[in-house]
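# Structure assessment
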Amino acid sequence: MAQVINNPTIKDYKSNVEPTWCPGCGDFGVLNATYRSLADLKMAPDETVVVSGIGCSSRFPHFMKPFGFHTVHGRALPVAQGLKMSRPDLTVVAVGGDGDFFSIGAGHLLHAALRNIDITVVVMDNEIYGLTKGQTSPTSPHGHVTKSTPYGLMASQFNPIATVLSLNVSFVARGYSSKPKELAALIERGIQHKGFSFIHALSPCPTFYPTLKVWNTAVTPIPTEHDPSDKTSAMVLAMETEKPFIGLFYQQERPTMDQAAAELSKQAKAFDIAEYMKRYA
Ligand code: SF4
Ligand code: MG
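An account of the accompanying structure is given in this report. (Residues numbered from 1 in each chain as written. Chains lettered and ligands numbered in written order. Predicted model: local features only at pLDDT ≥ 70, side-chain atom pairs only at ≥ 80, totals over all residues. Heavy atoms only, no water.)

## Remarks on the overall build of the protein
Helices and strands together make up the secondary structure of the protein, namely 10 helices and 8 strands. Relative to its length of 281 residues, the protein is compact, with a C-alpha radius of gyration of 20 Å against a globular reference of 19 Å. Expressed as lengths along the three principal axes of its C-alpha atoms, the size of the protein is roughly 75 × 40 × 40 Å. Looking at the 281 residues of the protein, the share that counts as buried comes to 49%. In the protein, of all internal contacts separated by at least 6 residues, the share reaching a separation of at least 24 is 70%. Carbon and sulfur atoms make up 59% of the accessible area of the protein, which amounts to about 13600 Å² in all. If you average the places of the 25 positive and of the 24 negative side-chain charges in the protein, the two averages end up 4 Å apart. (Helix = DSSP H or I, 4+ residues; strand = E, 2+ residues; numbered from the N terminus. Rg over C-alpha atoms; globule rule 2.2 N^0.38 Å. Buried < 20%, exposed > 50% of the residue type's maximum accessible area, 1.4 Å probe, protein only. Contact = heavy atoms within 4.5 Å. Areas by Shrake-Rupley, 256 points an atom, 1.4 Å probe, with all protein chains shown as cover. Lys, Arg positive; Asp, Glu negative; His and termini not counted. Charge placed at Lys NZ, Arg CZ, Asp CG, Glu CD.)

Given below as structure tokens:
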């Protein structure tokens, strides 16, 4: 029986563990946005599960009252998908950082995206490895100088939004930790969307790559005339990296794999083997 909370507030979704992030870490804003979205949707904490991998942002479930699963590095998505397939009644949110989802977990992201299982993914992207003290991540810009790239990063910068659009993800959005109200609204819409929802949350790491000032002026709301059912124009917006757009890029309602599996299982249960044998054996 679900725990019903009348008029929930964000405190109903906070655990008694205080976040251990550095002062000013963008992940505080994403955490607050997530509390707010769960409260606005009146989610039952005992029917909501937050799954994470490894990294600074992956400490998330410890700070939340809903069920949490702090898994192993890069493996939030296999656990989140398995959970949703076996317990479709639960709301499943997978969270983590750019290292977890775009490096070690990148293969899982690709296949999860293609399956369209009804889970919500929030990636806190600070364009750096925070937990291991400031090496480049896949989203670090080309030429970025760190301890691991003293002559500048030679690789190109990974584009998360363009990638998931190309993988036919059915809900694609970007928010910013310093705009938690707008980010909360996107997480809310992602949770309500039936299918794989991908929310790219820009979330600065003031300790190893302070991007706050740059992003404060660079982030740009998606133009109001953008039609989120138009994937081609979503892709054009995704290719703008100097002034990253925030808002809903793309949304498409289509059957999910968890629905299809439930339907198949119903048909299998209804299958009359005796009748089949009588007719065809
Ligand atoms: Fe946040 Fe960076 Fe500190 Fe990690 S190292 S908690 S990402 S500010
Ligand atoms: Mg990171």
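## Focus: the packing of helix H2 (residues 76-86) against helix H4 (residues 106-115)
Each pair of packed helices can be summarised by the angle the axes make with each other and by the distance between the axes. For the pair H2 and H4, interaxial distance at closest approach is 9 Å and the crossing angle is 30°. As the angle between them shows, H2 and H4 are arranged roughly parallel. Between H2 and H4 lies a crossing of left-handed hand. Contact with H2, carried on its side by Leu77, Pro78 and Gln81, involves His108, Leu109, Ala112 and Arg115 of H4 and no other residues of that element. Class assignment of the residues belonging to the contact of H2 with H4 gives a composition of 4 nonpolar, 2 polar and 1 charged. (Axes fitted to C-alpha atoms, helices over the stretch in contact; angles between N-to-C directions. Parallel < 35°, antiparallel > 145°, perpendicular 65-115°, else oblique. Left-handed = near helix turned anticlockwise from the far one by under 90°. Nonpolar A, V, L, I, M, F, W, Y, C, P; charged D, E, K, R; others polar.)

## A closer look at the sheet that holds strand E3 (residues 91-97)
Spatial ordering of the open sheet is given by E2-E1-E3-E4-E6-E5-E8-E7, a layout of 8 strands whose pairing is mixed. Each end of this open sheet is capped by a strand with a single partner; those strands are strand E2 (67-70) and strand E7 (220-221). Note that strand E1 (residues 48-52) and E2 share 4 bridges and pair parallel. Within E2, the position partnered with Val51 by the bridge is Phe69. (Pairing = 2+ DSSP bridges.)

## Looking at the nonpolar core
What tends to happen in soluble globular proteins is that the nonpolar side chains get buried as a cluster. Core analysis: the largest hydrophobic core is formed by 33 residues, its most contacted members being Leu77, Val121, Phe196, Phe198 and Phe249. Examining the composition of this core, we find that 4 residues originate from one element, helix H5 (residues 160-166), more than from any other. Residue contacts for Val121: discarding those within four places in its chain leaves Leu77, Ala94, Phe101, Phe196, Ser197, Phe198 and Ile199. Counting residues in each nonpolar core, the second largest holds 30 residues, with Trp21, Ala33, Phe63 and Leu248 among its members. (Core = buried A, V, L, I, M, F, W, Y, C linked by side-chain atoms within 4.5 Å.)

## Quick look at a nonpolar patch on the surface
On the surface, Phe271, Ile273, Tyr276, Met277 and Tyr280 cluster together into a nonpolar patch covering about 570 Å² of accessible area. Note on placement: Tyr276 falls in helix H10 (residues 273-280). Judged by its relative accessible area of 39%, Tyr276 falls in the partly exposed class. (Patch = residues over 30% accessible without salt bridge, like charges linked within 9 Å, V, L, I, M, F, W, Y side chains within 5 Å. Salt bridge = Lys/Arg side-chain N within 4 Å of Asp/Glu carboxyl O.)

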